[in-house]
Each structure stands twice: as structure tokens, then as C-alpha cells.
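Each chain, letter by letter, is given below.
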Amino acid sequence: MPIAYEATLAWAQAQDAADPLRGFRDEFLIPPHEDRDSHYFCGNSLGLQPRAVRPALSAELDYWGELGVEGHFKGRLPWMDYHEFVRDDLAAVVGAQPHEVVAMNTLGVNLHLMMVSFYRPTPERHAILIEAGSFPTDRYAVESQVRFHGFDPATALIELESDQPNGTISMEAIERALAEHGSRIALVMLPGIQYRTGQAFDLAAITRLANRHGCMVGFDLAHAVGNLPLQLHDSGADFAIWCSYKYLNSGPGAVGGAFVHERHARTTLPRFAGWWGHDKTTRFQMGPQFVPTYGADGWQLSNPPILALTPLRVSLEIFRRAGMQRLRDKSLQLTGYLEWLVHSQLNDVLEVVTPGDPERRGAQLSIRVLGGREHGRSLFEYLMEHGIIGDWREPDVIRISPTPLYNRFADCVAFAEAVRGWASRS
Ligand SMILES: Cc1ncc(COP(=O)(O)O)c(C=O)c1O
Ligand SMILES: Nc1ccccc1C(=O)C[C@H](N)C(=O)O
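To keep things clear, this report deals only with the structure shown in the data block. (Residues numbered from 1 in each chain as written. Chains lettered and ligands numbered in written order. Predicted model: local features only at pLDDT ≥ 70, side-chain atom pairs only at ≥ 80, totals over all residues. Heavy atoms only, no water.)

## So, the pattern of salt bridges
Test applied: In what follows, salt bridge is the name for a side-chain nitrogen of Lys or Arg lying within 4 Å of a carboxyl oxygen of Asp or Glu. A run of DSSP states H or I qualifies as a helix once it reaches four residues; a run of E qualifies as a strand once it reaches two. Both are numbered from the N-terminal end. Note on exposure labels: buried denotes an accessible area under 20% of the residue type's maximum, exposed denotes more than 50%, and partly exposed covers the range between, all computed with a 1.4 Å probe on protein chains only.
By the definition in use, this model includes 26 salt bridges. We note a salt bridge from Arg313 to Glu317, for which the minimum N-O separation is 3.5 Å. Of this pair, Arg313 and Glu317 both sit in helix H10 (residues 306-322), four residues apart, roughly one helical turn. We classify Arg313 as buried; its relative accessible area is 7%. Two residues, Arg368 and Glu351, come together in a salt bridge whose shortest N-O distance is 3.2 Å. Pair noted here: Arg368 is in strand S14 (residues 365-369) and Glu351 is in strand S13 (residues 350-352), with a separation of 17 residues, a long-range link. Shared partners join several salt bridges into a network, and the residues in it are Arg25, Asp37, Arg408 and Asp411.

## So, the sheet that holds strand S17 (residues 397-400)
Rule in force here: In this description, strands pair whenever DSSP reports at least two bridges between them. The convention used is that axes are lines fitted to C-alpha atoms, helices contributing only their stretch in contact, and that angles between N-to-C directions extend from 0 to 180 degrees. By definition, residues are in contact when any of their heavy atoms lie within 4.5 Å.
What the four strands build is an open sheet, ordered S13-S14-S17-S16; its pairing is antiparallel. Lying at the two open borders of the sheet, with one neighbouring strand each, are S13 and strand S16 (391-393). Strand-to-strand twist of the sheet, defined as the mean angle between neighbouring strand axes without regard to direction, takes the value 35°. Bridge count between S16 and S17: three bridges; the pairing is antiparallel. Within S17, the residue paired with Asp391 across the bridge is Arg399. Against the sheet, helix H12 (residues 373-385) contacts S13, S14, S16 and S17, and its axis sits at roughly 160° relative to S16.

Here it is, written out as C-alpha cells:
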């Protein structure tokens, strides 16, 4: 049953007190503003630090200090197999089989590595479908891959234009693009959640459509991982990639991730190879012949950065305890409340860009200030000065993302009060 929202701090605090996930907030360091906690709505850009990260890092440094090279084989979690210690929890977060996921590299690097295998252009079929206004890395990566294969981005890059209010894209638009260009599209490469609009896409429906036209399908899940419960295996996508510094709270520049569907686990498609992708039972025979490990692990190049994987391991333990579905349930309430506050209290100054249907969004609301960009910048700066931490995306959007692990209903009230303070300033 929908909750009857109220705009008061007392009501919000009562919700926070009754929240079954409320204890998780204490597991994070909340950046202070003056002498209090800030209202941190920027988990869509850089998630907060779990308190358990520092001691876990310290433990690895101790192993290194005490064991040296022996740390690869000894210690509580020997470094040799370290990426495997995050595998099951990562698979649970993205809805995959454990051998379909690997934590490695960073998002942009993984996007390129995946395209090496899954963008196999031919003269007849060499186009890539991507959304117009995509995150720059995605645009640069697909364009550079097209050029790398000797094709011309002017014809080989098909950018899906928004056909709905506020820059969002309907399934019908995707259907139309595939009906028109499907036979020449080699790869459909779309986001799980679009970074600027906050729109969530139906991965399974897109994959079904694309497969009907014989296209490979990959998803950039930077803004979806740890935000929406995903079912990557069931979606049927060929691959997906993501970063871990947003909702996964694994720290600036954290180790990213990749999903490769089980049907490609033994693929003979080309890939860029390195020794950590080689079958681990024979890796140390040091032979010249590359024999890829079954599954996503076979795309690894290097032995993993242990100090960088540690925060991911710690963070994923938190996700295991919280559970993606419980996080999503709270997220629906929190973001629904924030949206309700904007619509009912602030509609003279703000409009929400993100779709109103909760199934078509995650935690993030992209908000536009009525009256134009300068008003938007002014509100954004006012919010930051008052300890309401969101982010600004050109040309005119403020992104506010209440995350269920550490945000409270009371944060949403603080946001609304700050907007009112800005609107009524002299
Ligand atoms: C959608 C999207 N793609 C790509 C990137 C770039 O990722 P990285 O710098 O980790 O390669 C980001 C932001 O980090 C992003 O939001
Ligand atoms: N790494 C950063 C460093 C500085 C400022 C932003 C970022 C981001 O990651 C932004 C994020 N990807 C976004 O969706 O805008």
C-alpha cells in the first residue's frame, strides 16, 4: 500500500526510526558539513566509505609487511585467488552466475576489452547503436572502436535520439531504430540507467529485440549496479560492464566489473589476453599457448590490485547482508518521497526530469530548476554551501540520489527545506 507522505521532519524521522535497514548508515563515514553530517545525495557519483574498509586495508598491508611474496599463498585471503573472494557477492548483486562475472580493471578499459570480443564488424554489419548524449567515455570508446576496425563513425555510429519529454527514450524508439537499421548493427550498446536523465532501461526487452535482428548486446551499468536489482543472466545480454565507485561504495577509481554471458564462457571469439586470464590450473607452467579460463575470468589480463579490490570485497559484504531486494524496496520509498516533496512542495521552482514510473528509474532524480541554467547553478551552489551534496550535469541538471544504505527520509526533508530557503532568499 502506498505510504501517505507528510512533509514534516517529525514524519520523516519516524520513517527513519522504523526503517529495517537504518543500522547500515552507521557502517559508513558521512562527510561532515560544519559540525553536523552533510546530506549526501551523491552516491550516484562517489559512494561513501564503509568504516570496515580502513581495517581491511590495514590487514592487507600487514600481510604484505609480514609475509612479503608469501602473501600470495598465505594469510586469511591469499592474494593469488583474491578476485574470487568477491565473485559470489558480485554475481548476486548483478543477478548472474558466479562464473559470468569478474572484478577487474575499470569501466572504460572493460568496455574496450568486451568490444574486442563482441564487436566483430563485417562490411555488411558494422554499426553500433548507442543513445544520443551518452556518457563521453561510451561515445569515445565506441567511436574509437569503429575507427580501429577501419570504418567511418559518420555511418557506423547510430545515435538513438530521445523521443520523449526530458531526453528520455521509449522502447518504441529502440524498436524503430532496430527495424530501420538492425541488419547493419553489429552491437547494441546502451546504459542500464542513463547518467543524465536517470532513466532505467529494460535490459531483457532490449536484448530480445536486438537478438531478433542478429545484433550483439552490451550494457553500461555504471549507474545501475548496486542501485537496481539486476538479472543479467536472464536478460540474455552478451556482456555488461560497470564501475564500483558509485552505488557499490568501493572508493575513487575502484576496480570495475564485467559480465560475460555463460553462452560465451568457452568462446573462440578473439580477445586481448593476459596471463591471469589463462586457465589457473596451468598458469604457472608458463607455457606459450594461451588457454582461457572458463567464463568471465578468461578476460583478465593482470594479477589483480589487492589494495584496490579490498574495498570492493568489504562493500559487497554489506550488500550481502542488506540484500538487493530490501535495498530496492527502501530505495523506492526514499526516491518516491523525494519526488513527492518536489511535486507537492517545490513545483513552483523545480521539475523532475527522471521518469515518474518507479520501474523506469533507480535512486537518482535528475532535477531541473525552472527559469533556466543560471537559476540552476545558483540553487546548486546554495545547496552545496548548506551541506546538501548533489551534483551538477551540463547543461542544466542537478542530480539528487538518495541511496538506501545511508540516506534517510530526513535528508529528503533537509533538501526540500534548503530549496525553500534558496527560493525565498532576498
Ligand atoms: C555511464 C558511464 N560510463 C563510463 C564512465 C567512466 O568510467 P571510468 O572512468 O571508470 O572508466 C562513467 C563514470 O564514471 C559513467 O557514468
Ligand atoms: N570519477 C569522477 C571524478 C570527478 C567527478 C566525477 C566523476 C564521476 O565518476 C562522474 C560520474 N561517472 C557521472 O555519472 O557523472
